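Single-letter residue listing:
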Amino acid sequence: PAVGLPAPSDEPAAAGAGEGAQGALDLARARLDDGDPAAALPALDDALRRGPPDAALHALRARARLLAGDRAGAADDAARALELDPQHAPAFALRGAMRLSSGDARGALADAERAIALAPEGAAAYEVRAAARLNLGDLTGAIADCDRALERSPQRAQALAIRALARLNLGDDAGAVRDADLALALDPREAIAYRARGGARVNLGEPARAIADCDRALELDPGCAVALANRGSARLDLGDLAGGLGDLDRALELDPRDAFAYRIRAHGRGRAGDVQGALDDFGRSIQRVATTEAHAGRGALKLNTGDPAGALADLDRALELDPRNAHALAARAGARLSLGDPAAAVADADRALELDPRQALAYANRAAARVNLRDARGAVADADRALALDPGHTFAYVVRGSARANLGDLPAASADLDRAVELNPDDPLARLTRGDVRRARGDLGGALEDWEAALRLQPRAAWADEVRERVARIQKGE
């Protein structure tokens, strides 16, 4: 995700400051250190009036103006600093930070490298180059530059925050939290650190703490689309569909290129019943950045809405991108089963469980494949494992109910299927299977009710025509 930086600092002493100007300069630096750039500006204006033109003073005022939100004034001062001293490294670092904030990561990279070549002992230019590399996708390079900045100046909260973001994007959530904690201990107003820690906490399954971090990031930077997207994701995890989708809508208004926000909104729209909206968002996410997660998510949605062939294509692509993705393997097992290949489904589920023995979906889909392979006892055992990992897994109850019916234990099958419908009354497979068991127990009225519900929920499913014929025969008394 894009990172813009506040103004970096590595200012040398102003060469031409007289005694009065030096006092104003010291006051300005104190105000900047206190986090009050607006209060620093009058002192800097005074110092520039008192002394001769000086590159360091203009660079310092550029930093204050940038922190105060005056980008145009900051750009003028940075240009004036470089006009006065074309070898002034802090001015190059400042211009790099401004280019980052306007989305020009390559220009920022060039300015940071120029500053490093001129003054390799400074920390700020490494910080700017780290952020530029992060925006360009060079995550390991970003971490290396943050390390260099911290070697030169160990108390740089911003370098720690950028490193936290890079670690987050490399999948090191615990490392991201550690770096963000260190950054915030140094500077409780470091917005990038809250943003990074919020994202890591979403991934670590701590949605309430993630929301608190995102709230703080948005207090400090109200236009941060990534913080909104992360908060939206956390709200969805807590079951707040309206709040989550609202945050994601706002995030995409601010940054229509954000593939992550489209992917998370797709999941939210799917849960809200907006299947076409979810498919559209998965498509937008993939168009921007084709990820395993987006293809796997779209594949799972297609499978659940009666398009197993489309699901298989997406899941194959997800596994081309990441052959060790256990969730995609588990989902592909379901697609292969729906396409009539239970042996291949078992193979995918086996591989998923080798990679992640806590993958409940893999156990549930392997259980379903075993039902098709007439291994009802093995199916019950796998469904038991799925439910031990996820007691709310509707499909595992459906499969176990079907397997128990095949073993002749209709009361236990009915109990499982009642629980499945209780968990999700709109699950067509749960209603279809419970209808079958009710018929086997002689409850034709209950069977008709469930079958008709299944047809309303998924009228174009592969089994729909057969079920319609069955309903028509019973209604005719045949």
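Scroll up a little and you will see the structure.
Below is a short write-up of the structure. (Residues numbered from 1 in each chain as written. Predicted model: local features only at pLDDT ≥ 70, side-chain atom pairs only at ≥ 80, totals over all residues. Heavy atoms only, no water.)

### So, the overall build of the protein
From N to C terminus, the protein includes 27 helices and zero strands. A compact globule built from 478 residues would reach a C-alpha radius of gyration of about 23 Å, whereas the protein, at 30 Å, exceeds it by more than 25%. Projected onto its principal axes, the C-alpha positions of the protein cover 105 × 35 × 35 Å. Each of the 478 residues in the protein was classed as buried or not, and the buried ones make up 53%. Sequence-distant contacts, at least 24 apart, represent 51% of the contacts inside the protein between residues at least 6 apart. With the model as given, the accessible surface of the protein reaches about 20,900 Å², and the carbon-plus-sulfur share is 47%. Where the 64 positive side-chain charges of the protein centre and where its 75 negative ones centre are 2 Å apart. (Helix = DSSP H or I, 4+ residues; strand = E, 2+ residues; numbered from the N terminus. Rg over C-alpha atoms; globule rule 2.2 N^0.38 Å. Buried < 20%, exposed > 50% of the residue type's maximum accessible area, 1.4 Å probe, protein only. Contact = heavy atoms within 4.5 Å. Areas by Shrake-Rupley, 256 points an atom, 1.4 Å probe, with all protein chains shown as cover. Lys, Arg positive; Asp, Glu negative; His and termini not counted. Charge placed at Lys NZ, Arg CZ, Asp CG, Glu CD.)

### Observations concerning the packing of aromatic side chains
This structure, assessed with the given rule, holds zero aromatic pairs. Over the face of the ring belonging to Trp 451 we find Arg 470, whose NZ or CZ atom lies 4.7 Å from the ring centre. (Phe/Tyr/Trp six-rings, centres within 6.5 Å; stacked < 30°, edge-to-face > 60°. Lys NZ or Arg CZ within 6 Å of the ring centre and 35° of its normal.)

### As for the packing of helix 10 (residues 173-186) against helix 11 (residues 191-203)
One can describe the packing of helix 10 onto helix 11 by two numbers: an axis separation of 9 Å at closest approach and a directional angle of 150°. It follows from the interaxial angle that helix 10 and helix 11 lie roughly antiparallel. The crossing of helix 10 and helix 11 is left-handed. Listed contacts from helix 11 to Asp 173, Ala 176, Val 177, Ala 180, Asp 181, Ala 183 and Leu 184 of helix 10 are Ala 193, Tyr 194, Arg 197, Ala 200 and Asn 203. Its residues assigned to classes, the contact of helix 10 with helix 11 shows eight nonpolar, one polar and three charged. (Axes fitted to C-alpha atoms, helices over the stretch in contact; angles between N-to-C directions. Parallel < 35°, antiparallel > 145°, perpendicular 65-115°, else oblique. Left-handed = near helix turned anticlockwise from the far one by under 90°. Nonpolar A, V, L, I, M, F, W, Y, C, P; charged D, E, K, R; others polar.)

### Digging into the pattern of salt bridges
The final tally for this structure, using the stated rule, is 58 salt bridges. Across the pair Arg 80 and Glu 83 runs a salt bridge whose closest N-O atoms are separated by 2.5 Å. With Arg 80 and Glu 83 both in helix 4 (residues 71-84) and three residues apart, the pair spans about one turn of that helix. A relative accessible area of 57% means that Glu 83 is categorised as exposed. Overlapping salt bridges, with partners in common, bring together Asp 418, Arg 431, Arg 434, Arg 438, Asp 443, Glu 449 and Asp 450 in one network. (Salt bridge = Lys/Arg side-chain N within 4 Å of Asp/Glu carboxyl O.)

### A closer look at the packing of helix 7 (residues 124-135) against helix 8 (residues 139-152)
It is at 8 Å that the axes of helix 7 and helix 8 come closest, and there the two elements cross at 165°. Judged by the angle between their axes, helix 7 and helix 8 are roughly antiparallel. The crossing of helix 7 and helix 8 is left-handed. Side by side, helix 7 and helix 8 meet where Tyr 126, Glu 127, Arg 129, Ala 130, Arg 133 and Leu 134 of the first sit next to Leu 139, Gly 141, Ala 142, Asp 145, Cys 146, Arg 148, Ala 149 and Arg 152 of the second. By residue class, the composition of the contact of helix 7 with helix 8 is seven nonpolar, one polar and six charged.

### Considerations on the side chain of Arg 400
Structurally, Arg 400 is set in helix 23 (residues 394-406). Since its relative accessible area comes to 13%, Arg 400 is described here as buried. At 2.9 Å, the side chain of Arg 400 and the side chain of Asp 416 are in polar contact. Residues within four places of Arg 400 in sequence aside, it is in contact with Val 380, Ala 383, Asp 384, Leu 387 and Asp 416. (Polar contact = N/O pair within 3.5 Å; in protein donor to acceptor, adjacent residues only side chain to side chain.)

### Observations concerning the side chain of Arg 263
Summarising the element assignment, Arg 263 is placed in helix 15 (residues 259-271). No salt bridge is formed by the buried Arg 263. Its closest oppositely charged neighbour is Glu 293, at 5.1 Å.

### Quick word on the environment of Ser 285
Along the chain, Ser 285 turns up in helix 16 (residues 275-288). When the C-alpha positions of Ser 285 and His 295 are compared, they lie 9.2 Å apart, and in sequence the two are 10 residues distant. The residues contacting Ser 285, other than those within four sequence positions of it, are Ala 259, Tyr 262, Arg 263 and Ala 294.

### Digging into unusual backbone geometry
Although it is not a glycine, Arg 374 adopts a positive phi angle of roughly 65°. Looking at the element boundaries, Arg 374 is found in the loop between helix 21 (360-372) and helix 22 (376-389). Exposure remark for Arg 374: the relative accessible area of 78% places this residue in the exposed category.

### Here we look at helix 25 (residues 428-440)
Between its first and last C-alpha, helix 25 extends 19 Å over 13 residues, near the 18 Å set by a 1.5 Å rise per residue. Of all the residues in helix 25, the buried ones are Pro 428, Ala 430, Arg 431, Leu 432, Thr 433, Arg 434, Gly 435, Val 437 and Arg 438. Capping the start of helix 25, Asp 427 holds a side-chain oxygen 2.9 Å from the backbone nitrogen of Leu 429, two or three residues further along. Immediately beyond the C-terminal end of helix 25, within one or two residues, lies Gly 442, with a positive phi of roughly 85°. (Expected span 1.5 Å × (residues − 1).)

### Some thoughts on helix 10
Taking 1.5 Å as the rise per residue, helix 10 with 14 residues should run 20 Å; its terminal C-alpha atoms sit 20 Å apart, in good agreement. All of the buried residues in helix 10 are Asp 173, Gly 175, Ala 176, Val 177, Asp 179, Ala 180, Ala 183 and Leu 184. In this fold, the buried residues of helix 10 make contact with helix 9 (157-169) and helix 11.

### Considerations on the environment of Arg 419
Residue position: Arg 419 is located in helix 24 (residues 410-423). Given a relative accessible area of 30%, Arg 419 falls into the partly exposed group. Residues Arg 419 and Gly 392 lie 27 residues apart in sequence; the distance between their C-alpha atoms is 9.3 Å.

### Topic: the environment of Ala 360
The residue Ala 360 is located in helix 21 in this model. For the pair formed by Ala 360 and Leu 389, sequence separation is 29 residues and the distance between their alpha carbons is 5.9 Å. If we skip the residues at most four places from it in the chain, Ala 360 touches Ala 386, Leu 389, Asp 390 and His 393.

By themselves, these are just geometric observations and shouldn't be taken as functional.
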